[in-house]
Amino acid sequence: MTSENHGTLKGDTALVMSPTGSATQGSPVSPSTSKPMPELPDELVQAGWSKCWSKRENRPYWFNRFTNQSLWEMPVLGQHDVISDPLGLNAAPASAEGAGDAGLGNGQRKRRLSDEASLGGPNSFKRPKVGVPVTPTTPTVPISPLTAGTKPWNSATVDPPVTSTGVELCWSTNAVIKERAPADHLPPHPEIELQRAQLTTKLRQHYHELCYQREGIEPPRESFNRWLLERKVLDKGPDPLLPSECDPIISPSMFREVMNDIPIRLSRIKYKEEARKLLFKYAEAAKKMIDSRNASPDSRKVVKWNAEDTMNWLRRDHSASKEDYMDRLEHLRKQCGPHVAAVARDSVEGICTKIYHISAEYVRRIRQTHLNLLKDCNITGEMPDLQDRLVYCYPVRLALPSPPQPRVELHFENDIACLRYKGEMVKVNRGYFAKLELLYRYSCIDDPRFEKFLSRVWCLIKRYQVMFGAGVNEGTGLQGALPVPVFEALNKQFGVTFECFASPLNSYFKQFCSAFPDTDGFFGSRGPFLNFSPASGSFEANPPFCEELMDAMVTHFEELLEKSSEPLSFIIFVPEWRDPLTPALKRMETSIYRRHQMSVPAFEHEYRSGSQHICKKEEMYYKAVHGTAVVFLQNAAGFAKWEPTLERIQELLAAYQVSGSCCFLTM
């Protein structure tokens, strides 16, 4: 933000236009303290714009107290929004008149980067030049109803997304919620995030050791990640990542996945010899387990007889085909599986219980350290008064102000932004770093000079890095996103402006829900979707593939659709798992709100990688190895407004046909 006008700088005090048109000298914290010029349209005043005076340039400029934008020319409502399309894919071509100004359309010229240098705080930075197509910014409706100039919602006056020159769409939100109080989460801090990362890594190591020591197996791939997701559906504890208050204590997700790998993990088989070895290993492991555990005589007899019979068959028959071996393996599993599971049950439940209790202890440590830090900084907060009204959705706000932030170092290695705190480095592609800056500019209201920006980016990236693990490609499937052409079709055909499951790193719209309100709210998150209750709007839902989370999602959808009489629509993308059929998909297929359902075949469509913020261009997209079910859940008003007609469905399917390499997002 412009340091000369929004802070106290020696020898360059800001001048603010008074209502009479005369210039008065002062040093306001931001132009939001000035009264708007009477000639400014009411729509711009309500959107947070005011007219100010630059002493350095000796000319007026316009400043938005909600988005911290500053423009030399009067802003125009309804122009293209860089956050709804952060990568500039849908930006209108710049006119010849504005071609010399970095592509800023509508005759607007953004103030110079030299004018926007922030004050020298520990996390301030001079914004680097990045390969981003500069597009004009949009004066948005006020972000939060807790600030002046709120735009309340009226169902009779909701407008559809604004079209730009009849070709592209300007994606303002149509999601409407009841005004809500600030969240009581503790504000993020790099020191606390570093402690959480270290303890979470230790918890992963405990899980690995318990699986190996007690069951002789490696932890099932991604099972710890899915445990975190499943636990947070139930958890009422204070930590945003680690569970501490869950009922039941034993996780169905972790228990199921560990039991599936007992006595050995079954892998996909391509060749006959692999099938033969797998059958022998299973028989040997089942016999060894039943001999070493406290099994009943009947169980011991059944397992040992079937295992020995299988081994004798393997010694006799060397001409069997791959299918013969796999059929024999399936028969052995049916005969021995229940007995093996019975003797392993107590041990696996012990693993789940111990991991949960260690997690609860870590949460207690983290919270105590966090509270001590806030106490040392004399951080307190007050809950504002709320009005019972409907407003357009706005990012999560925290009740407590942020403590002073330590220094986070930033440097660039080619196209990678590297942020370091106490030797711990996180990385993000330069283009996505610019995206985070734009989201922060639009969504954050307590840091106009970007003094806390770098520390908050470090905490954000570290949180997701820790949640999904440090293994190669670990967690990327849980964060996979739809291709860009599909998002475009969803918006154009069904008015979608909101993602129910995203993050600041992989979101496409500037309106989205995500897992962590404390770190993500500064970048536009509306908080976890299961805590988000819209009254109206059109939404896309592509949840992480965790069965318990998907089931809770369906419950939440149906409750919202039942309560609201306003247009409400959810378009859900879930894996088409039918062997066995998942409870979530079964419930959606039989729901009274299901208006349409279609399937996209396996290997004929793609997802954007969950690590798109750091991966290489050629790794951005990957083929889906399973079919994707697309289900439309809508109430009567939503069906009337966004009916999934044949023409619209065809347009959506056609969007999947675009090659991922053609859809790659560059900034």
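To start, this report covers the structure provided alongside it. Nothing here was measured: the structure is a model prediction, and the numbers come from that model.

Some thoughts on the pattern of salt bridges
Phase 1 of the analysis: Applying the stated criterion across every chain, the model contains 27 salt bridges.
Phase 2 of the analysis: Where D235 meets K232, a salt bridge forms, and the shortest distance between an N and an O atom there is 2.7 Å.
Phase 3 of the analysis: For D235, a relative accessible area of 13% puts it in the buried group.
Phase 4 of the analysis: Taking the relative accessible area as the measure of exposure, K232 reaches 28% and is therefore partly exposed.

With respect to the pairing of strand β11 (residues 416–421)
Phase 1 of the analysis: β11 sits mainly inside the fold: five of its six residues count as buried.
Phase 2 of the analysis: Examined bridge by bridge, strand β10 (residues 409–413) and β11 share five bridges and lie antiparallel to one another. Bridge pairing links H411 to C418 in β11.
Phase 3 of the analysis: Connecting β10 to the next strand, β11, in antiparallel fashion are two residues, including N414 with a positive phi near 55°.
Phase 4 of the analysis: Sheet topology note: the β11/strand β12 (residues 424–429) ladder contains six bridges and is antiparallel. Within the sheet, the bridge partner assigned to R420 lies in β12 and is M425.
Phase 5 of the analysis: The antiparallel pairing of β11 with β12 creates a hairpin that spans two residues between the two strands, and K422 there sits at a positive phi of about 50°.

Thoughts on the sheet that holds β11
Hydrogen bonds between backbone atoms are what pair the strands of a sheet, whose relative direction is either parallel or antiparallel.
Phase 1 of the analysis: Strand order in the open sheet formed by three strands is β10-β11-β12, and the pairing between neighbours is antiparallel. The open sheet has two free edges, formed respectively by β10 and β12, since each of these has just one partner strand. With strand direction ignored, the average angle separating the axes of adjacent strands in the sheet is 25°.

A word on the side chain of S538
Phase 1 of the analysis: In this structure, S538 sits in strand β14 (residues 534–541).
Phase 2 of the analysis: Classification of S538 by relative accessible area gives buried; the value is 0%.
Phase 3 of the analysis: Within polar-contact distance, the side chain of S538 engages the backbone oxygen of F494 at 2.8 Å.
Phase 4 of the analysis: Contact partners of S538, with chain neighbours within four places excluded, come to N174, F494, G495, V496, T497, F498, S569 and W642.

Quick notes on the environment of G521
Phase 1 of the analysis: Structurally, G521 is set in the loop between α12 (517–520) and β14.
Phase 2 of the analysis: In this structure, the C-alpha to C-alpha distance between G521 and S443, residues 78 residues apart in sequence, is 7.6 Å.
Phase 3 of the analysis: Once residues lying within four places of it in the same chain are set aside, the contact partners of G521 are P395, V396, R397, S443 and F516.

About the criteria used
Residues numbered from 1 in each chain as written. Predicted model: local features only at pLDDT ≥ 70, side-chain atom pairs only at ≥ 80, totals over all residues. Heavy atoms only, no water. Salt bridge = Lys/Arg side-chain N within 4 Å of Asp/Glu carboxyl O. Buried < 20%, exposed > 50% of the residue type's maximum accessible area, 1.4 Å probe, protein only. Helix = DSSP H or I, 4+ residues; strand = E, 2+ residues; numbered from the N terminus. Pairing = 2+ DSSP bridges. Axes fitted to C-alpha atoms, helices over the stretch in contact; angles between N-to-C directions. Polar contact = N/O pair within 3.5 Å; in protein donor to acceptor, adjacent residues only side chain to side chain. Contact = heavy atoms within 4.5 Å.

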